[in-house]
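# Coordinate inspection notes
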Amino acid sequence: MTPSDAGQKSEAKPTFTIDGRRIHDISSFYAELNRVFMQDVGWRLGASLDALNDLLHGGYGALHGVDEAEIDWLALEETRQALGLSATRAWLRAKLGHGSFSQAAVEEQLAELEAGWGPTYFDLVLEVFGDHPQWRINPVPAEEDAFGQHVRTGCGEARALADRMSDGEINAVLPLIRRLWIETEAPSACSDAWTEIWSEVGRAPNPALVMRAGDRRKLAALGPRVQVFRGALQGNERGWSWTLDRAVAEDFGRRYDDEGSSIGDGVLCTTEVPRDAILALFSEGDETEVILNPAELTWGDVSIEPLGDQSYPQL
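Residues numbered from 1 in each chain as written. Predicted model: local features only at pLDDT ≥ 70, side-chain atom pairs only at ≥ 80, totals over all residues. Heavy atoms only, no water.

### Focus on the environment of R93
If you trace the backbone, R93 turns up in helix 4 (residues 85–95). Owing to a relative accessible area of 28%, R93 belongs among the partly exposed residues under this scheme. Spatially, the C-alpha atom of R93 lies 8.9 Å from that of S166, the residues being 73 residues apart in sequence. Setting aside anything within four residues of it in sequence, one finds R93 in contact with L110, D163, S166 and D167. (Helix = DSSP H or I, 4+ residues; strand = E, 2+ residues; numbered from the N terminus. Buried < 20%, exposed > 50% of the residue type's maximum accessible area, 1.4 Å probe, protein only. Contact = heavy atoms within 4.5 Å.)

Take a look at the structure:
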């Protein structure tokens, strides 16, 4: 499908705006769809093309009961890049070794992608939209502020590191991770890349290489069980970044809350983990950050409390 000319849209139709500046990988693409179309629904769209197709059938979310609509897509060309070769390669590689997919078919798709004629994830997204012409895409150029540029640059570097690790350069990449993690703004904007990176760190023969000597000494000095905290937006509890300082976590969560984000209120997560569960510890100034794999936490043991006025259910 070729996106239509933005100047020809009908004023009679409702208009939705997808902000491509928020999209840095496949995960953040679906986060943006949820922000735009699923605000008033008690569940979230899964990260799959089938889920996108279901959404565009118009049976739920903001499209429920709507016959036709305009979709203003800010920074569409930036989205094309974010869902381009690197993101598609990572998406296909994740299917290898997964019994739900034909390995021969996935390998063929990868080969076609690398040869330059296979579709990118962005191409597949446009194909899905093309099957639903009642939702008309209008490309809208959008200027990116300095913060957005910084986020996008950090996400690009993270994707490059993830690709290098997938290609076997784990020991060479490990010492580079600390700086990039600390300097990257909003790593959740490219959660796919960081999930790949930290998962590879967990499988590395010597994961301690991600830390400086002082970090390693501080980690070794902790007790056998460690209390950790995480301040986050409601719905973003299951992240990699935690802290040893409750006040730091509360400040981080309340900073979100005070901004009045439309995504949700700030929450404080508290739990206790074995020291050996900590992938890395980074000490910068007065703050000590620890990295935990959210998939390995026992979330029934995690206390989650609201930092705003809204009551919040346990996960």
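### As for the sheet that holds strand 2 (residues 69–74)
Taken in spatial order, the 3 strands of this open sheet run 1-2-3, and their pairing is parallel. Of all strands in the sheet, those bounded by a partner on one side alone are strand 1 (15–19) and strand 3 (135–140). Neighbour-to-neighbour, the strand axes of the sheet open up by a mean angle of 25 degrees, direction not taken into account. Alignment of strand 1 against strand 2, held across 5 bridges, turns out to be parallel. Across the sheet, the residue bridging to T17 is D72, located in strand 2. Sheet contacts for helix 1 (residues 26–37): strand 1 and strand 2; angle to strand 1, the most-contacted strand, approximately 150 degrees. (Pairing = 2+ DSSP bridges. Axes fitted to C-alpha atoms, helices over the stretch in contact; angles between N-to-C directions.)

### Topic: the side chain of D25
As for its placement among the helices and strands, D25 is situated in the loop between strand 1 and helix 1. Of the polar contacts made by the side chain of D25, one reaches the backbone nitrogen of S191; its length is 3.0 Å. With residues up to four places along the chain from it excluded, the contact list for D25 reads A82, L83, A189, C190, S191, D192 and A193. (Polar contact = N/O pair within 3.5 Å; in protein donor to acceptor, adjacent residues only side chain to side chain.)

### Focus: the pairing of strand 8 (residues 287–291)
For a regular strand, side chains alternate in direction, first toward one face of the sheet and then toward the other. By the criterion of burial, strand 8 is predominantly enclosed, with 4 of the 5 residues buried. Where strand 7 (residues 280–284) and strand 8 come together, 5 bridges link them in antiparallel fashion. Directly across from E284, in strand 8, lies its bridge partner E287. Between strand 7 and strand 8, which pair antiparallel one after the other, the connecting turn spans 2 residues, and G285 there sits at a positive phi close to 65 degrees.

### A few points about the confidence of the model for the chain
Per-chain confidence: the chain averages 85 in pLDDT, with 90% of residues scoring 70 or above. Within the model, pLDDT remains below 50 along residues 257–263, and this stretch shows 10 contacts once partners closer than five positions in the same chain are excluded. In the model, residues 310–315 has pLDDT below 50 throughout and makes 15 contacts with residues more than four positions away in sequence or in other chains. (pLDDT = per-residue confidence, 0-100.)

### Some points on the nonpolar core
By size, the foremost hydrophobic cluster in this structure holds 43 residues, and its most contacted members are I177, W194, I197, W198 and W242. When contributions to this core are tallied by element, the ones reaching two or more residues are helix 7 (146–166), helix 8 (170–183), helix 9 (191–203), strand 4 (225–233), strand 6 (266–274), strand 7 and strand 8. If we skip the residues at most four places from it in the chain, W198 touches I177, W181, W240, L279, A280, F282 and I291. Among the nonpolar cores identified, the runner-up in size contains 34 residues, and I23, V36, M38 and A87 belong to it. (Core = buried A, V, L, I, M, F, W, Y, C linked by side-chain atoms within 4.5 Å.)

### Topic: the pattern of salt bridges
Per the stated rule, a full pass over the model turns up 20 salt bridges. Among the salt bridges present, the one from R22 reaches E32, with a minimum N-O distance of 3.7 Å. Placement of R22 in the loop between strand 1 and helix 1 and of E32 in helix 1 is noted, with a sequence separation of 10 residues between them. Since its relative accessible area comes to 2%, E32 is described here as buried. (Salt bridge = Lys/Arg side-chain N within 4 Å of Asp/Glu carboxyl O.)

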